[in-house]
Amino acid sequence: MTEWWRAQVRAFRGIRGRVLIWFVGLFAVLLVVGLVTVRQVLLVRLDDEVETALTQEVEELRLLSPGVNPTTGEPFGDDVTSLFQVFVERNIPGQGEILFGLTDGQVVAANPLTLARSVADAELLSTWETVPRPTWGETATDQGTMRWLAVPVVTGEQDRGVFAVAQLIGPQRDDINQEIQVLAVVLFIVLVLASVLGWLAAGRVLEPLRRVTSTAREISDEDLSARIPVESDDEVGELTRTFNDMLERLDEAFSGQRTFFNDLGHELRTPITIVRGHLELLPDDPAERADVVAVCLDELDRMARYVADLVLLAKSQRPDFLEVRPVDIAELTDGLEARAVAIEPDRRWRIARVAPVVVDADPDRLTQAMVNLLANAAQHTGPGGEIRFGSEVGDGEVHLFVTDDGPGVAPEDRRTIFERFGRGSDTATHRREGSGLGLAIVAAIAEAHRGEVRLDSPPGQGATFSIVVPFEYGADDDVGPQVVTTNSVVLDTPHQVDDETEEIPLP
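Residues numbered from 1 in each chain as written. Predicted model: local features only at pLDDT ≥ 70, side-chain atom pairs only at ≥ 80, totals over all residues. Heavy atoms only, no water.

Looking now at the packing of aromatic side chains. Per the stated rule, a full pass over the model turns up five aromatic pairs. Arranged with centres 4.9 Å apart and planes meeting at 55 degrees, the rings of F100 and W128 form a pair that is tilted. Within this pair, whereas F100 is found in strand 1 (residues 97-103), its partner W128 is found in helix 5 (residues 122-129), the two being separated by 28 residues in sequence. Judged by relative accessible area, F100 falls into the buried class, the value being 1%. When the centroid spacing of 5.9 Å and the interplanar angle of 70 degrees are considered together, the rings of W128 and W148 count as edge-to-face. Remark: W148 occurs in strand 4 (residues 144-155) and W128 occurs in helix 5; sequence separation between them is 20 residues. In terms of burial, W128 and W148 fall into one category: buried. Pairwise contacts between aromatic rings join F84, F87 and F163 into one cluster. (Phe/Tyr/Trp six-rings, centres within 6.5 Å; stacked < 30°, edge-to-face > 60°. Helix = DSSP H or I, 4+ residues; strand = E, 2+ residues; numbered from the N terminus. Buried < 20%, exposed > 50% of the residue type's maximum accessible area, 1.4 Å probe, protein only.)

With that settled, the discussion passes to the pattern of salt bridges. Charged atoms that come close allow side chains of opposite charge to pair. Summed over all chains, the structure comprises 14 salt bridges. Here R241 makes a salt bridge to E238, at a shortest N to O gap of 3.2 Å. With R241 and E238 both in helix 8 (residues 235-280) and three residues apart, the pair spans about one turn of that helix. Relative accessible area serves as the criterion here: at 27%, R241 is assigned to the partly exposed category. One salt-bridge network, held together by shared partners, links D47, E51, E138, R147 and R173. (Salt bridge = Lys/Arg side-chain N within 4 Å of Asp/Glu carboxyl O.)

Membership of the largest hydrophobic core comes to 47 residues, with the highest contact counts inside it found for I329, L373, F389, V402, F418, F465 and I467. At nine residues, the largest contribution of residues to this core is made by helix 12 (residues 438-448). Apart from the residues lying within four places of it in its own chain, the contact partners of L373 are V402, L439, V442, F465 and I467. One finds L46, V50, L149 and I176 within the second-largest nonpolar core, a separate group that totals 24 residues. (Core = buried A, V, L, I, M, F, W, Y, C linked by side-chain atoms within 4.5 Å. Contact = heavy atoms within 4.5 Å.)

That bond from N111 to P112 is cis: its omega, -10 degrees, falls within 30 degrees of zero. Along the chain, P112 turns up in the loop between strand 2 (106-111) and helix 4 (113-119). The backbone phi angle of D395 is positive, close to 55 degrees, even though this residue is not glycine. The residue D395 is located in the loop between strand 9 (386-394) and strand 10 (397-404) in this model.

Shown next as structure tokens:
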């Protein structure tokens, strides 16, 4: 079997084959139903035409009976035999039509005579002779099925006769059956051609799906760059675009994952190397040994913080990440005072604003996010530098902000710093004691609250990080916030306020 035939067999077993089977099956059922319906309609029409013709012969006899005998010039009167003979002789029957006149159980007139003799047996004549009223019937004869109408004719009190008109419908039914057979052959040929065209059309329609399959086979975790060309705006085109979008997201996710593991390996490799090196050179002197142990414990603590931060980021996608309850924002803001001083005592910490409002949130997570922002600000300001923080309300949202007077954030870093292990371009000029996960944790906590993190950093004027939380937090809300960075003024932040009386210096 050639490869082409193998491909056709596989296609027939797949969606293309199932579509064709359904198409052919439905088409065949419709054809059968159509043929049966057409045949039945033609047979009913034939019966109607026959009944009309037979009834018309009876009506013509009824019209003749009050008249005169053209042979004698006298009215027919009680002479039923003469009435039958005159009517039969002067009437030209249609094809397959037979006229009978019976008196005393004997045929006294018939036309055409030969055909009448071949179909009228004694049993049929006996049936006609005894009909009490106009009667329809159908009889099988040597000439085929015959439909008839027998009408009793009574004249006076003595003479009694029966007029019967019959129609051989067997040949006409045979003609109908032959026509249906010819039509069935033609429709079968149409079905075969339609099946071939349907097979080709199905292949054309499913071609994008085959390209999706082919592209999927070409994709590996090392290369997700393959894309499928979009050639239509229908459902298949929409599927192709959706598949391409999925590949784009997977490419970004895998790229981020690779970067994450590379950064994680780099971050953990350093403390592991330090600990191993010190342990391999562990001195015998107790004092020196204590110093080595202290260094090792410090590095192990740093690795523990890395792991704890990573676990926290992993939990941020779970529905039980937050423990939501009413939170007094003013109390939460004031509670940051002691934590801020503990981070860097030599910074000038100031509470700029306090929002007297209660919102539904997780106070522990919000406090954790604000402490990360305070620590980040402390890392980017020198001794004696001023850092302002606080909270305020605007447009149905609560803004928790931290403002420093450091160098600010470069435009190219404003999105990467919120990524895991994200580093700014000024790493070489500013010390970095954190894990590189602090701002990523802040963003995750804000998103879990259906909020966002905003960054306002005009060139050379420091930076303001703001956690924006809506008043009404919905645990079932599916809104997915994004980290927003901008150069425009988002808040009336402390470094933009000239009224120094609004600031509360901390010890």
